[in-house]
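Fold and geometry: a report
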Amino acid sequence: LQGDTEDKVKFYGCLCWSKDPIPSDQCLMDKLAKCPIELQQRTPLRVLHRRSNAIRTRTVLSLQAARIDSHVFRLNISTEAGTYVKEFVHGDLGRTVPSVSSLLGCKTDMLELDCEGIQL
């Protein structure tokens, strides 16, 4: 079943938190809007007990960010299927490069994640 979705595009809405204040939407987009973004993702720590430790190349195809307050922002992203989205946001202790956290230059975490669609 998983193999049938590998070539699909998935759309996500993410509510994220940033340790450092975000001054504006423009500042956020200046740091995040360079798409497509090619990721190198090691198997996440949260699934390492059931999956082989491998490096996978995945792509973030588009990304839009909107500041909600000085520490909370929303991401709307489209990714290649198989992308570990949570790890793209927080970086998984450096196991996903680049990450939203590394692009912003501060600790970042996900508060909510919704899969909003799949392009077949």
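Relevant structure appears above.
On to the overall build of the chain, then. Per the secondary structure count, the chain includes three helices and six strands. Seen in sequence order, the chain has helices and strands lined up from the N terminus as β-α-β-β-β-α-β-α-β. Viewed in the frame of its principal axes, the chain has a C-alpha envelope of about 40 × 30 × 25 Å. Out of the 120 residues in the chain, the part that is buried amounts to 42%. When contacts within the chain are restricted to residue pairs at least 6 apart in sequence, long-range pairs at least 24 apart make up 70% of them. Only carbon and sulfur atoms are counted for the fraction: they give 51% of the accessible area of the chain, which is about 6600 Å².

Looking now at the sheet that holds strand S1 (residues 9-18). Pairing in this open sheet of six strands is antiparallel, and the strands run S5-S2-S3-S4-S1-S6 from one edge to the other. With one partner strand each, in any of the chains shown, strand S5 (96-97) and strand S6 (108-119) form the two edges of the open sheet. Against the sheet, helix H1 (residues 25-32) touches strand S2 (37-42), strand S3 (55-67) and strand S4 (72-80), its axis set at about 165° to S3.

It is worth spelling out the pairing of S3 at this point. Relative to S3, S2 runs antiparallel, the two sharing six bridges. Residue Arg42 lies in a different strand from S3, and its bridge partner there is Ile55. Where S3 and S4 come together, seven bridges link them in antiparallel fashion. Bridge pairing links Ser62 to Ser78 in S4. Here S3 folds back onto S4 in antiparallel fashion, the turn holding four residues.

What follows is about the pattern of salt bridges. Summed over the entire model, instances satisfying the criterion amount to four salt bridges. For the salt bridge of Asp7 with Lys8, the shortest nitrogen-to-oxygen distance reads 3.0 Å. Arg95 is the partner of Asp92 in a salt bridge, and the nearest nitrogen-oxygen pair spans 3.7 Å. Summarising the burial analysis for this pair, Asp92 and Arg95 share the class buried.

On to a nonpolar patch on the surface. A cluster of nonpolar residues, Leu45, Leu48 and Leu93, forms a patch on the protein surface that exposes about 300 Å² of accessible area. Here Leu48 shows up in the loop between S2 and S3. Since its relative accessible area comes to 31%, Leu48 is described here as partly exposed.

This part covers the side chain of Glu87. Residue position: Glu87 is located in helix H2 (residues 85-90). If we ignore the near neighbours within four places in the chain, the residues touching Glu87 are Gln41, Pro44, Arg46, Asp92, Thr96 and Ser99.

Definitions and limits used
- Numbering of residues begins from 1 in every chain and follows the order in which that chain's sequence is written.
- A pLDDT threshold of at least 70 governs which residues receive local features in this predicted model, and a stricter bar of 80 or more applies before side-chain atom pairs are shown or counted, although totals over entire chains, interfaces and linings include all residues.
- To obtain the side-chain values, all non-hydrogen atoms of the structure were included, while hydrogens and water were left out.
- Labels follow the DSSP assignment, with helices taken as runs of H or I lasting at least four residues and strands as runs of E lasting at least two, numbered in each case from the N terminus.
- Only protein chains enter the calculation, and the probe is 1.4 Å; a residue is then buried if its accessible area is under 20% of its type maximum, exposed if over 50%, and partly exposed in between.
- Contacts between residues were defined by any pair of non-hydrogen atoms, one from each residue, lying within 4.5 Å.
- Note on areas: Shrake-Rupley with a 1.4 Å probe; residue coverage comes only from the protein chains shown.
- Here, strands pair whenever DSSP counts at least two bridges between them.
- Helix axes are fitted to C-alpha atoms over the stretch in contact, other axes to C-alpha atoms as well, and angles between N-to-C directions run from 0 to 180 degrees.
- The working definition used for a salt bridge is a side-chain nitrogen of Lys or Arg within 4 Å of a carboxyl oxygen of Asp or Glu.
- Patch membership is restricted to residues that have no salt bridge and whose relative accessible area is over 30%. Joining uses 9 Å for like charges and 5 Å for the nonpolar side chains Val, Leu, Ile, Met, Phe, Trp and Tyr.

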